[in-house]
Amino acid sequence: MTARLTLNEKRLVRQAHFIQSKADTIAVVKNDGYNHGLERVYRTFYEGGIRAFSTTVLSEAIQLRKWNSDIFILLLDPNTEFQLIREYDITLTVSSFDYYEKYKDELKGITIQLVFRNDLNRLGFDHLDDMKQILDDKDLNVNGIWTHFASADDFGVDRYQKEKEKWQTVIKGLRAYLPRLKYIHAQNSASFLRDGPLPHHTHIRGGVILYGARPYYEGLDASLAEQVVSIEANVIELTSVEGGQTIGYSADYKLEKDAKIAVCDIGYGNGLLKARKNFPVLINGKAYPIRSIMMSHILIEADNNVEIGDSVILYNDALRFDWFANQGIGPFSQQMASLNKQTFELTIIK
Ligand SMILES: *Cc1c(COP(=O)(O)O)cnc(C)c1O
């Protein structure tokens, strides 16, 4: 038997439609569409009404262009494959003044956007005057500016407020240029859900929420995001183990009393995060604890109601990625990115 991953394309379409109906959205489809499959998320998001896409790698941007000659495609990371960028009509992010000075000739004929570094301190401009100088360069076609907040997903601290203010200062400083910019964007899912669209912004730049996960938990209703992926495995063996014995590698868990151990055909080799072990699975609607997680197996402390061949649910509408994220096992993007899809029997709900 094989562990099963079910992916609900209908929900991807609905989620895209729901968010796009609230704000024009640049869908972030980096890392193979958060590991849902680039082609699948492009197609479903497009069906949901989204016409703008962004990713960090050129190969994904080119792939998107091959599927559709009309959509807007933004490359979020710097790149120097100017010929390909021009040929495939990719909008390129210019991430520093040094890059501009070095490549200003090559940038002619390419549509570009400028990124403000802000508190993420990853990529981008730090000074308004540098940005103005490029906006004033008549040889270049700048159609947008953007930033990425470092703390939009954090609560109880004022860092998010501060970086928002810094960005608003940039926007104010570039006031004269705004009318000719088609794309002014900053907000990831969390920022958008907290604040709604910010003034002067033309788009949000959404990831997790489009994939059916809430970026944070408090105050957000589950109906805001329908989980797209569910994962189940099978009980392949039942073993009676006496109290006081240990189970798993390196005596991973010591049983307090006699127990029925269900061996299940999924493990970290399928991409389960090891911390998933700290939370139960569902078998026939009842919760059972995981006692050990190995590469291809997990051991569950079961009872007499469990039989060989029963389904073991790791993720579904009741066991949500966003809830686990809130419990600290890792953000949705990490739980999702780590899944080795090819190790599962894949079912697509269309
Ligand atoms: C990943 C990413 C996003 C999307 O963030 P979510 O929290 O998933 O909505 C937006 N912008 C940039 C630059 C990103 O790298």
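Refer to the structure above for everything that follows.
What you are looking at is a predicted structure, and each value in this text was computed from that prediction instead of being measured. (Residues numbered from 1 in each chain as written. Predicted model: local features only at pLDDT ≥ 70, side-chain atom pairs only at ≥ 80, totals over all residues. Heavy atoms only, no water.)

S.K.: Looking at this model, I keep getting lost on the packing of aromatic side chains. Mind explaining?
M.R.: Two numbers describe a pair of aromatic rings. These are the distance of the centres and the angle of the planes. A full pass over the atoms with the stated rule returns 19 aromatic pairs. An angle of 15 degrees between the planes, with centres 5.6 Å apart, marks the rings of Tyr42 and Trp67 as stacked. Of this pair, Tyr42 sits in helix 3 (residues 38-47) while Trp67 sits in helix 4 (residues 58-67), placing them 25 residues apart in sequence. Residue class for Trp67 comes out partly exposed when judged on its relative accessible area of 32%. Measuring from centroid to centroid gives 6.5 Å for Phe82 and Tyr99, while their planes differ by 55 degrees, and the two rings are tilted. Separated by 17 residues along the polypeptide, Phe82 in helix 5 (residues 82-87) and Tyr99 in helix 6 (residues 97-103) bring together distant segments of the chain. Following the ring pairs from residue to residue traces out a cluster consisting of Phe279, Tyr315, Phe321, Trp323, Phe324 and Phe332. The ring of Tyr315 has Arg276 sitting right over it, with the charged end atom 5.7 Å from the ring centre. (Phe/Tyr/Trp six-rings, centres within 6.5 Å; stacked < 30°, edge-to-face > 60°. Helix = DSSP H or I, 4+ residues; strand = E, 2+ residues; numbered from the N terminus. Buried < 20%, exposed > 50% of the residue type's maximum accessible area, 1.4 Å probe, protein only. Lys NZ or Arg CZ within 6 Å of the ring centre and 35° of its normal.)

S.K.: When you look at the site of the ligand in this model, what are you seeing that I'm missing?
M.R.: Around the ligand, the neighbouring residues are Val28, Lys30, Tyr34, Arg122, Trp146, His148, Asn188, Ser189, Arg205, Gly206, Gly207 and Val208. One nitrogen or oxygen atom from the side chain of Lys30 is found 2.6 Å from an oxygen atom belonging to the ligand. A distance of 2.9 Å separates an oxygen atom of the ligand from a polar atom in the backbone of Val208. Within the complex, 92% of the 390 Å² of free accessible area of the ligand lies under protein. Taken together, the elements giving at least two residues each to the shell around the ligand come down to helix 2 (30-35) and strand 9 (204-206). By residue class, the composition of the shell around the ligand is 4 nonpolar, 5 polar and 3 charged. (Near = heavy atom within 4 Å. Polar contact = N/O pair within 3.5 Å; in protein donor to acceptor, adjacent residues only side chain to side chain. Areas by Shrake-Rupley, 256 points an atom, 1.4 Å probe, with all protein chains shown as cover. Nonpolar A, V, L, I, M, F, W, Y, C, P; charged D, E, K, R; others polar.)

S.K.: Hey, could you run me through the layout of surface pockets in this one?
M.R.: With a probe scaled to a water molecule rolled over the atoms, the places where space remains empty come into view. Here the largest pocket is characterised by a volume of approximately 710 Å³. In terms of lining residues, the largest pocket is bounded by 38 residues, among which Lys30, Tyr34, His148, Asp153 and Asn188 are the most central. Those elements giving two or more residues to the lining of the largest pocket turn out to be helix 2, strand 6 (111-116), helix 9 (189-195), strand 9, helix 10 (321-326) and helix 11 (332-337). The element contributing the most residues to the lining of the largest pocket is helix 10, with 3 residues. (1 Å grid on protein atoms, 1.4 Å probe; cavity = no way out; pocket = protein on both sides within 12 Å on 5 of 7 lines; lining within 4 Å. Points joined across faces, edges and corners; volume = space filled by probe spheres on them.)

S.K.: Is there a simple way to explain the side chain of Ser191 in this structure?
M.R.: Summarising the element assignment, Ser191 is placed in helix 9. Take Ser191: its relative accessible area is 0%, and that puts it in the buried class. With near-sequence residues (within four places) excluded, Ser191 lies in contact with Phe149, Ala152, Tyr160 and Gly196. (Contact = heavy atoms within 4.5 Å.)

S.K.: What is the right way to look at the nonpolar core in this model?
M.R.: Across soluble globular proteins, you tend to see nonpolar side chains buried next to one another. Ranked by size, the top nonpolar core spans 111 residues in total, and within it Phe45, Ile266, Ile298 and Leu314 carry the most contacts. Residue contacts for Ile298: discarding those within four places in its chain leaves Ala262, Val263, Cys264, Ile266, Gly267, Leu272, Val281, Ile290, Ser292, Ile293 and Leu314. Among the nonpolar cores identified, the runner-up in size contains 8 residues, and Leu255, Ala259, Val263 and Leu299 belong to it. (Core = buried A, V, L, I, M, F, W, Y, C linked by side-chain atoms within 4.5 Å.)

S.K.: Sorry if this is basic, but what is going on with the sheet that holds strand 3 (residues 52-55) here?
M.R.: What links the strands of a sheet is backbone hydrogen bonding, and the strands pair in either a parallel or an antiparallel sense. In spatial order, the strands read 8-7-6-5-4-3-2-9; together these 8 strands make up an open sheet with parallel pairing. At either end of the open sheet lies a strand with only one pairing partner, and these are strand 8 (183-185) and strand 9. Strand-to-strand twist of the sheet, defined as the mean angle between neighbouring strand axes without regard to direction, takes the value 25 degrees. Two elements, strand 6 and strand 7 (residues 141-147), share 6 bridges in a ladder whose sense is parallel. Of the residues in strand 7, the one forming a bridge with Gln113 is Gly144. (Pairing = 2+ DSSP bridges. Axes fitted to C-alpha atoms, helices over the stretch in contact; angles between N-to-C directions.)

S.K.: Which parts of the structure should I look at to understand the packing of helix 3 against helix 4?
M.R.: Across the interface, helix 3 lies against helix 4 with an axial gap of 11 Å and an inter-helix angle of 50 degrees. Viewed along their axes, helix 3 and helix 4 adopt a mutual orientation that is oblique. Crossing hand, helix 3 versus helix 4: right-handed. Across the interface between the two elements, Leu38, Glu39 and Tyr42 from helix 3 touch Glu60, Gln63, Leu64 and Trp67 from helix 4. (Parallel < 35°, antiparallel > 145°, perpendicular 65-115°, else oblique. Left-handed = near helix turned anticlockwise from the far one by under 90°.)

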